[in-house]
Amino acid sequence: MGLSDNYVYRFGKLNTDGNRKMKQLLGGKGANLAEMSTIGIPVPPGFTISTKACKATIDNEMNWPEGLDEQIKKGVEHVETEMGLKFGDEKDPLLISVRSGAAVSMPGMMDTILNLGINDKVVEGIIRKTNNERFAYDSYRRFIDMFGDVVMGVSHDHFEEAFENMKKEIGVEQDLDLSAENLKELTERYKAIYRKRTGHMFPEDPMEQLKFAVNAVFNSWNSARAVKYRQISNIHGLIGTAVNVQAMVFGNMGETSGTGVCFTRNPATGEAKLYGEYLINAQGEDVVAGIRTPKHIDELEQANPEKYNELLKHTRKLEAHYKNMQDIEFTIQDGDLYILQTRNGKRTGTAAVKIAVDMVNEGVLGKKEAIMKLVDPEHIEQLLHPQFKDLEDGSKILGKGLPASPGAAVGKVVFDSGKAEKSDYSVILVRIETSPEDVGGMSSAEGILTSRGGMTSHAAVVARGWGKPCVAGCSDIVINYKSASFTNGEVTVKEGDFISLNGSTGEVILGKKELTEPDFGKEYQTFMNWVAEVEEMKVRTNAETPEDATAARGHGAVGIGLARTEHMFFKPGRVNFMRKMIIANNKKERVAALDNLLPFQKQDFIEIFEAMEGLPVTVRLLDPPLHEFLPQEEEEIKKVAKELGVTAVMLQNKVNQLKEFNPMLGHRGCRLGITYPEITEMQARAIIEAAIELKKEGKEVLPEIMIPLVGGIEEFRNQRKVVEKVAKKILEKEDISLNYKIGTMIEVPRAAIMADQIAEEADFFSFGTNDLTQMTFGYSRDDAVKFLPTYVEKGILKQDPFQVLDEEGVGQLVQAGVRLGRMVNKGLKIGICGEHGGEPNSIRFAYNSGLDYVSCSPFRVPVAHLASAQASLRKQSDAQEQEASNAQEV
């Protein structure tokens with residue numbers, strides 16, 4: 001790399017090199033700092049070291065690329081000029097902060113260092129200039145703590161222990177009760193801890209401190225907690241973190257100084273009111289770490305209305321500029337207000353929908369913008385989570401904390417994040433306070449409870465982002481890690497005991513509380529109506545019960561894309577008829593058993609068709625291998641044999657006979673119907689007769705019969721003939737017409753690449769991406785869990801292909817099937833009915849591939865609606881950008 005490579009971008013009143021369009025290069029924080037500088041927000045000047053520099057450094061074994069050192073020095077000179085101070089100077093000292101900032105917000109995942117540039121000489125200069133010895137040594141000891149922890153791996157706990165010991169020696173309880181002399185002594189103790197733990201003296205050279213700090217932030221990109229967070233949050237495609245170097249402004253200079261975090265709207269409810277917390281005489285880490293209990297931002301309005309109104313003015317300007325709720329950090333230094341960062345605020349599903357509707361009504365942005373920018377599919381999924389059934393049932397309230405993230409959670413208490421992550425049962429993670437090292441356990445837990453921290457603490461921010469119920473800062477309880485218990489003074493709860501969390505009220509409840517379905521609210525329906533106006537690809541549901549069908553229809557499903565008939569055979573009173581069919585010795589016995597199943601099947605379809613009246617219902621004929629219907633254990637075999645009136649030996653022999661080496665690739669799907677056409681005949685008869693019965697009642701029924709697992713035209717043709725023969729006979733007898741379709745599920749790779757032949761006779765295709773993924777990769781879905789996490793962790797696969805559709809491999813087969821199918825049948829209806837039909841990235845791919853619909857579980861139908869609408873809008877936006885680009889070229 002040559003010297004012409006630009007790695008450093010400045011921001012400030014005099015010079016600003018970047019803007020928000022450079023987010024991938026400058027990270028979200030750096031791009032926003034540059035943007036704020038250009039619109040008149042009071043931002044301390046600084047510079048951003050790009051993500052490109054991070055990648056180059058990591059790729060070169062932590063050696064900086066050529067030119068970076070010189071560009072950083074010029075960046076420091078830029079800050080010196082704007083501040084009128086000198087880095088490392090004893091007379092007019094400049095201190096700086098060093099913060100990470102990736103293109104996607106990762107709260108608390110990477111490292112921050114404040115007060116960099118201070119040393120034994122500079123601290124004396126600060127004292128002379130500010131006449132505030134306490135502030136100077138408070139800043140110095142904080143820097144040693146952060147530098148030691150972040151750069152050298154000296155645990156913060158060692159410094160915290162020294163701090164607590166000092167308070168005990170002096171006989172005080174509050175941090176602010178330590179005098180300047182106490183903090184000066186504490187600084188020396190911190191240096192001794194650093195020297196003991198590292199074997200080195202604490203570095204005095206500010207430029208050396210800066211280089212160490214920049215490398216530490218680069219390194220934090222690949223820290224275990226950051227990698228884990230990206231995996232959990234499905235963040236991919238980023239090359240590294242940017243580093244933001246910024247002039248320090250100090251909230252710990254006394255009673256006229258302070259620091260805080262605020263949201264332009266309530267991130268839990270969406271209420272259009274400034275929401276946040278602040279601390280007097282503190283630095284920013286004190287607020288977000290939950291070490292001191294902060295004050296609500298409303299109290300700032302009472303204590304200092306001038307600064308509150310100034311803050312309000314800036315926050316409103318930022319929200320209007322970014323057209324989104326903002327999460328803002330601010331510092332007041334000796335009466336002067338500074339904005340340190342802004343970003344789109346993480347919010348709950350309830351808040352996201354309300355904010356979107358409110359902002360459209362306020363004229364801040366249009367409906368399409370609100371759909372694209374303000375609500376994620378994950379937000380809609382959060383709204384579908386259950387709530388507590390009865391809030392006034394006399395439950396034992398153990399304590400009440402802050403309602404940091406709404407929703408209801410029930411689980412066993414666990415105090416260790418590692419245990420929570422490995423647990424195979426529902427848990428509530430209980431911590432004094434959480435840190436980035438806890439993200440694995442936080443992700444696995446049903447809910448999170450902390451005894452310390454506020455609404456902007458690490459636990460609160462991360463929980464809201466993930467939609468996890470969280471109660472933070474519950475000071476009513478005392479947690480004891482050693483005894484693995486907590487108590488409120490009356491009741492002691494031990495690890496493994498059940499508790500319930502109400503993240504909407506902050507209540508911690510003893511025992512297991514009953515859950516109920518959520519209440520969506522009026523804004524939800526308004527928003528989803530907007531979504532329906534713009535979505536082009538439709539959403540169906542996977543359902544085989546009238547209850548599921550009705551629920552999905554209530555969420556806007558426009559049909560059933562997959563009704564699995566095998567689930568129906570397991571219902572009480574019918575599974576033994578299925579078993580009799582399986583153990584039959586000849587066709588006559590099989591038909592007799594199937595005749596007993598026919599009334600059940602017909603009633604199943606009547607109920608489903610009624611629930612989806614006027615909408616298409618795709619019924620998949622029997623798919624799984626027959627051994628799945630038979631008992632496998634010896635005692636169960638004896639019991640079932642008695643029920644069937646056969647010997648246990650005979651049934652055991654049948655079980656052994658049907659056992660397959662690889663059931664996924666065995667005697668199943670259309671292969672069953674071809675071997676035993678009477679199965680297909682019975683199911684076709686049940687579907688057609690059910691549809692006719694309802695049609696006679698004046699109801700519109702649109703059955704679609706799906707042949708599973710075909711690998712080519714001959715298999716499909718065989719089964720279609722069986723269905724058509726049955727249908728023709730019934731329709732002629734009843735002298736009635738019926739609009740029905742016969743299609744197939746494309747789940748065998750051969751079918752995808754021979755789709756043109758199949759489409760000549762099929763009325764529709766539905767991609768069964770679960771099996772298509774299994775067969776394309778050669779992975780068993782059930783067994784792949786043993787190695788897929790390792791594959792994702794090592795970067796062999798970007799994502800679990802059973803959760804997110806593999807576009808490079810499986811996706812190519814889908815697109816080939818669409819292209820070939822439509823080549824011979826332009827009106828061919830095509831959808832996806834695998835689990836990928838409810839996953840937003842896979843839905844985008846399905847839309848871009850020209851599919852007519854996706855089908856997913858009833859619970860995920862609203863999520864799929866939003867993802868489908870966003871896919872439509874994104875394609876429109878991309879087309880407009882391309883058109884504008886073409887016009888510029890002309």
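Structure: see above.
As a further point, take the packing of aromatic side chains. Counted by the stated rule, this structure contains 17 aromatic pairs. Where Phe415 meets Phe486, the ring centres are 6.5 Å apart and the plane angle is 70 degrees; that geometry is what we call edge-to-face. With Phe415 in the loop between β16 (408–414) and α16 (417–422) and Phe486 in strand β21 (residues 485–487), this pair connects stretches of sequence that are 71 residues apart. Among the residues examined, Phe415 registers a relative accessible area of 4% and is labelled buried. Each member of the aromatic cluster is reached from another via a ring pair, and the members are Phe143, Phe147, Tyr194, Phe202 and Phe212. The aromatic ring of Trp64 is capped on one face by Lys211, whose charged end is 4.8 Å from the ring centroid. One Lys or Arg, Lys412, reaches over the ring of Tyr425 and ends 4.7 Å from the middle of that ring.

A few words now on the sheet that holds strand β32 (residues 829–832). With respect to topology, eight strands assemble into a closed barrel ordered β26-β27-β28-β29-β30-β31-β32-β33, the strand pairing being parallel. Averaged over all neighbouring strand pairs, the angle between strand axes comes to 25 degrees, with direction disregarded. Strand direction decides the pairing type here: strand β28 (residues 616–620) and strand β29 (residues 702–707), joined by five bridges, are parallel. Following the sheet pairing, Val617 is matched in β29 by Pro703.

This part takes up the pattern of salt bridges. When the charged atoms of two side chains lie near each other, side chains of opposite charge can form a pair. A full pass over the atoms with the stated rule returns 51 salt bridges. Of the charged contacts in the structure, one is a salt bridge between Asp69 and Lys73, with a shortest N-O distance of 3.6 Å. Pair noted here: Asp69 and Lys73 are both in helix α3 (residues 68–83), with a separation of four residues, about one helical turn. A salt bridge links Glu634 to Lys638; its shortest N-O distance comes to 3.6 Å. One end of the pair is Glu634 and the other is Lys638, both in helix α23 (residues 634–644) and four residues apart, which spans about a single turn.

This next bit is on a positive patch on the surface. A contiguous patch of positive charge, built from Lys587, Lys725, Lys729 and Lys733, is present on the exposed surface. For the positive patch, the element with the highest residue contribution is helix α27 (residues 713–734), accounting for three residues. By secondary structure assignment, the location of Lys725 is in helix α27.

Structurally, Met62 is set in the loop between α2 (51–59) and α3. What makes Met62 partly exposed here is its relative accessible area of 24%. Separated by 154 residues in sequence, Met62 and Ala216 have C-alpha atoms that sit 9.8 Å apart. Not counting residues up to four positions away in its chain, the partners in contact with Met62 are Thr57, Asn215, Phe218 and Asn219.

Helix length check: helix α13 (residues 349–361) (13 residues) gives 19 Å between terminal C-alpha atoms against 18 Å at 1.5 Å per residue, within 8%. For α13, the buried fraction is high: 10 of the 13 residues fall into the buried class. Of the positions making up α13, those classed as buried are Gly349, Ala351, Ala352, Val353, Ile355, Ala356, Val357, Asp358, Met359 and Val360. Packing partners of the buried residues in α13 comprise α12 (305–322), α14 (367–373), α15 (377–383) and α19 (522–534). Once α13 finishes, Gly363 follows within two positions and takes phi at roughly 80 degrees, a positive value.

Our next topic: unusual backbone geometry. One non-glycine residue, Lys323, adopts positive backbone phi at about 55 degrees. Among the secondary structure elements, Lys323 is positioned in the loop between α12 and β11 (326–333). A positive phi angle, close to 50 degrees, is found at Asp334, a residue other than glycine. With respect to the element layout, Asp334 can be found in the loop between β11 and β12 (336–344).

Counting 97 residues, the largest nonpolar core has Met578, Phe609 and Phe765 as its most contacted members. With 10 residues, helix α26 (residues 677–696) is the largest single contributor of residues to this core. Counting residues in hydrophobic clusters, the runner-up holds 59 residues, among them Ala136, Val151, Leu178 and Ile193.

In the contact formed by α26 and α27, the axes pass within 9 Å of each other and the chain directions differ by 40 degrees. When you trace α26 past α27, the crossing you get is right-handed. On the side of α26, the interface is formed by Pro677, Thr680, Glu681, Ala684, Arg685, Ile688, Glu689, Ile692 and Lys696, while α27 contributes Gln719, Val722, Val723, Val726, Ala727, Ile730, Leu731 and Glu734. Its residues assigned to classes, the contact of α26 with α27 comprises 10 nonpolar, two polar and five charged.

The strand order β10-β9-β8-β11-β12 describes an open sheet built from five strands, whose pairing is antiparallel. The sheet is open, and its two borders are formed by β10 (295–296) and β12, each paired with just one other strand. In this structure, strand β8 (residues 258–263) lies alongside β11, joined through six bridges in antiparallel fashion. The partner of Thr259 across the bridge, within β11, is Thr331. Its contacts with the sheet put α12 on β8, β11 and β12, and the angle it makes with β12 is roughly 30 degrees.

Within this model, the second largest pocket holds a volume of roughly 720 Å³. In terms of lining residues, the second largest pocket is bounded by 28 residues, among which Asp623, Glu628, Arg668, Asp771 and Gln774 are the most central. Those elements giving two or more residues to the lining of the second largest pocket turn out to be β27 (560–564) and α30 (769–777). Examining the composition of the lining of the second largest pocket, we find that four residues originate from one element, α30, more than from any other. Residues belonging to the lining of the second largest pocket are distributed by class as follows: eight nonpolar, eight polar and 12 charged.

Cut-offs used in this document
Residues numbered from 1 in each chain as written. Predicted model: local features only at pLDDT ≥ 70, side-chain atom pairs only at ≥ 80, totals over all residues. Heavy atoms only, no water. Phe/Tyr/Trp six-rings, centres within 6.5 Å; stacked < 30°, edge-to-face > 60°. Helix = DSSP H or I, 4+ residues; strand = E, 2+ residues; numbered from the N terminus. Buried < 20%, exposed > 50% of the residue type's maximum accessible area, 1.4 Å probe, protein only. Lys NZ or Arg CZ within 6 Å of the ring centre and 35° of its normal. Pairing = 2+ DSSP bridges. Axes fitted to C-alpha atoms, helices over the stretch in contact; angles between N-to-C directions. Salt bridge = Lys/Arg side-chain N within 4 Å of Asp/Glu carboxyl O. Patch = residues over 30% accessible without salt bridge, like charges linked within 9 Å, V, L, I, M, F, W, Y side chains within 5 Å. Areas by Shrake-Rupley, 256 points an atom, 1.4 Å probe, with all protein chains shown as cover. Lys, Arg positive; Asp, Glu negative; His and termini not counted. Charge placed at Lys NZ, Arg CZ, Asp CG, Glu CD. Contact = heavy atoms within 4.5 Å. Expected span 1.5 Å × (residues − 1). Core = buried A, V, L, I, M, F, W, Y, C linked by side-chain atoms within 4.5 Å. Left-handed = near helix turned anticlockwise from the far one by under 90°. Nonpolar A, V, L, I, M, F, W, Y, C, P; charged D, E, K, R; others polar. 1 Å grid on protein atoms, 1.4 Å probe; cavity = no way out; pocket = protein on both sides within 12 Å on 5 of 7 lines; lining within 4 Å. Points joined across faces, edges and corners; volume = space filled by probe spheres on them.

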